Amino acid sequence: MSWRIVIGFVFICLSALSFGQSVALTFESAGDRLAWIGPATLEGEPKNAVKSSRNGIDLTDTSGGDTIYVRDEKTGNLASKKLSELKGSWAVKPTDFSKVFQIKVRVLSGENPVAAGAVELSSGARKNSALLDPSLNGEVSIFGWPAGELTATVKTVVEGKPADPVKQVFTVALNRTDAVPTFDIAVPGKVATVGAVSDAPVEKDGEEKTNSDEPKTNGKSEKTEAAPAGPQFGNILAYILGLGAAGAAIYFGLQYYKQNTTSVNAQLTQLGVQIPKTDDLANAHANTPLPAAPAPQPVQKILLTDAAPDPVPVSAFSAPATSTGVLRLVSPQGDEIPLDGEVLVGREAGLGLSLTTESTVSRQHARLSCSGTTVTVTDLGSSNGTYVNGAKINSVVVLKPGDNVQFGQAKFRFEA
């Protein structure tokens, strides 16, 4: 065999590993569209997307995720399909565009955007939560949302106290005039807003402020002593509103952290912030006084890929399972992960359930598949295994409410 043939064969194999299979997309008519490969959960504008105005698009690199997306630039609607369901081609039909790529929700007080608060958006079993801060200008966005009813719940702070939540239901339609539909929700009360300004009068240099209603003598208005407190009052008001916005942001930040402890800790760890463990804090308080030097970092646990993790005991969760009709996983800390469609579990960022700080979890560890009220779990050849009620699984397993599910050392309980 010639060495040129050997090199060519190796190059073809490496190319196949790098780029994966190619997918040819065809449409019934020409039009501006954007196509890309991404994870199961959309987080924003796509990267490395292919744009075309013809009636076809060829995607030669499918290594960016497990889902293929197509966005109609005119309507703003979105079509998606799992790569595993395709065999090199996809004839995209108009009915495939069943979701809206981006939806904006604006939280207003009067005509001003609210500076701080908590926003929860839900549609069926799908939920999305976000915190408002002044940099968002009262606006949050969600991506890849299905058509139908959208329920928005907003929590704010009025005069230092949590106000009653404001709930409003909107209709997300596929046939609309705006590619990016925007919904406004108004909150009552004196809440902190972005860009609040004082109504105090401003005088130009070299001009005197006069009042047309003042009595005049000999054609000239009599001068009266004006209190110079207008601009100072405006500055004080702006300062108070700023303190209110900061207090509300801190309040909702603490509430969000309590409800999303695992995900927030994971994001802080990616940024290089050291998160102390509960046991470490307890030991530190028990051994008073505290040393002046910072405590040494805890020794990282050495994990062997061939060593099976400790299976989760049946009594790992103290709280009993409750039936809510919402398919979800619940962590020992109480964090809830809603389940919808297919959810990939792994250490990679951007998955449906990303456990980026858990070293016992493989990059793509397992798959959860939802069909109606049935949820199955499949191990994807992980190093440390997937367990259901303490038993390692080797095939597709149907989950029952109350089952304990373990990915490596990451433990959850399935509830429905």
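Residues numbered from 1 in each chain as written. Predicted model: local features only at pLDDT ≥ 70, side-chain atom pairs only at ≥ 80, totals over all residues. Heavy atoms only, no water.

> Lay out the overall build of the chain in plain terms, naming residues and giving numbers.
When helices and strands are tallied, the chain shows 4 helices and 30 strands. Counting every position in the chain, which comprises 416 residues, the buried fraction comes to 33%. Nonlocal contacts in the chain, meaning residues at least 24 apart in sequence, comprise 58% of its contacts between residues at least 6 apart. Accessible surface, the chain: about 25,700 Å² in total, of which carbon and sulfur atoms supply 54%. (Helix = DSSP H or I, 4+ residues; strand = E, 2+ residues; numbered from the N terminus. Buried < 20%, exposed > 50% of the residue type's maximum accessible area, 1.4 Å probe, protein only. Contact = heavy atoms within 4.5 Å. Areas by Shrake-Rupley, 256 points an atom, 1.4 Å probe, with all protein chains shown as cover.)

> Break down the nonpolar core for me, citing the residues and quoting the values.
In this structure, Leu329, Leu339, Leu353, Leu368 and Phe407 are the most contacted members of the largest nonpolar core, which totals 23 residues. Mapped by element, the contributors of at least two residues to this core are strand E22 (342–346), strand E24 (366–371), strand E25 (374–379), strand E29 (404–407) and strand E30 (410–415). Excluding residues within four positions of it along the chain, Leu339 makes contact with Leu327, Arg328, Leu329, Leu368, Cys370, Val375 and Phe414. Judged by nonpolar contacts, the second largest core, of 22 residues, contains Val105, Leu121, Val158 and Val172. (Core = buried A, V, L, I, M, F, W, Y, C linked by side-chain atoms within 4.5 Å.)

> Describe the packing of aromatic side chains, with residues and values.
By the definition in use, this model includes 5 aromatic pairs. Centre to centre, the rings of Trp36 and Tyr69 are 5.5 Å apart; their planes meet at 20°, and the pair counts as stacked. Note that Trp36 is positioned in strand E2 (residues 33–38) and Tyr69 in strand E5 (residues 67–72), a separation of 33 residues in sequence. As far as the burial class goes, Trp36 and Tyr69 line up, both buried. Where Phe170 meets Phe183, the ring centres are 4.9 Å apart and the plane angle is 25°; that geometry is what we call stacked. Residue Phe170 is found in strand E16 (residues 166–172), and its partner Phe183 is found in strand E17 (residues 182–186); the two are separated by 13 residues along the sequence. (Phe/Tyr/Trp six-rings, centres within 6.5 Å; stacked < 30°, edge-to-face > 60°.)

> Outline the sheet that holds strand E26 (residues 386–388), listing residues and values.
The 6 strands lie next to each other as E21-E20-E30-E29-E26-E27, forming an open sheet whose pairing is antiparallel. Either end of the sheet is taken by a strand with one partner, and the two such strands are strand E21 (336–338) and strand E27 (391–392). Where strand E20 (residues 328–330) and E30 come together, 3 bridges link them in antiparallel fashion. Pairing of Val330 across the sheet is with Arg413, part of E30. (Pairing = 2+ DSSP bridges.)

> Talk me through the pairing of E2; I want residue IDs and the actual numbers.
Put simply, side chains in a regular strand alternate between the two faces of the sheet. E2 sits mainly inside the fold: 6 of its 6 residues count as buried. Residues Arg33, Ala35 and Ile37 point to one face of E2 and Leu34, Trp36 and Gly38 to the other, with burial holding for every one of them. Inspection of the sheet shows E2 paired to strand E3 (residues 50–52) by 3 bridges, in the antiparallel sense. From the neighbouring strand, Arg33 faces E3, where its bridge partner is Ser52. The pairing of E2 with E5 spans 6 bridges and is classified as antiparallel. Each bridged residue has a counterpart across the sheet, and for Ala35 the counterpart in E5 is Val70.

> Give me the lowdown on the pattern of salt bridges, citing residues and values where you can.
When the charged atoms of two side chains with opposite charge come close together, those side chains can pair. With the rule as written, the count across this model stands at 12 salt bridges. One salt bridge connects Asp403 with Lys400, and the closest N-O pair in it is separated by 3.9 Å. For Lys400, a relative accessible area of 51% gives the class exposed. With a shortest N-O distance of 2.4 Å, Arg413 and Glu415 are connected by a salt bridge. (Salt bridge = Lys/Arg side-chain N within 4 Å of Asp/Glu carboxyl O.)

> Could you give me a rundown of the pairing of strand E8 (residues 99–109), with the residues and numbers involved?
Of all 11 residues in E8, 8 are buried, a share of seventy percent or more. Bridging between strand E6 (residues 77–82) and E8 involves 2 bridges; their strand directions are antiparallel. From the neighbouring strand, Leu78 faces E8, where its bridge partner is Lys99. Two strands pair when backbone bridges link them, and E8 and strand E12 (residues 139–146) are joined in this way by 7 bridges, in the antiparallel orientation. By the bridge assignment for E12, Lys104 is matched with Ser141. As judged from the 5 bridges shared by E8 and E17, these two strands associate in the parallel manner. In the sheet register, Arg106 faces E17, and the bridge partner there is Asp184. Where E8 folds back onto strand E9 (residues 112–113) in an antiparallel hairpin, the turn is made up of 2 residues, including Gly110, whose phi is positive at roughly 70°.

> Give a detailed account of the sheet that holds E22, specifying residues and quantitative values.
Across the sheet, 5 strands lie side by side as E23-E22-E24-E25-E28; this open sheet has mixed pairing. The sheet is open, and its two edges are formed by strand E23 (353–354) and strand E28 (397–398), each paired on a single side. Pairing geometry for E25 and E28, over 2 bridges, is antiparallel. Within E28, the position partnered with Thr376 by the bridge is Val398.

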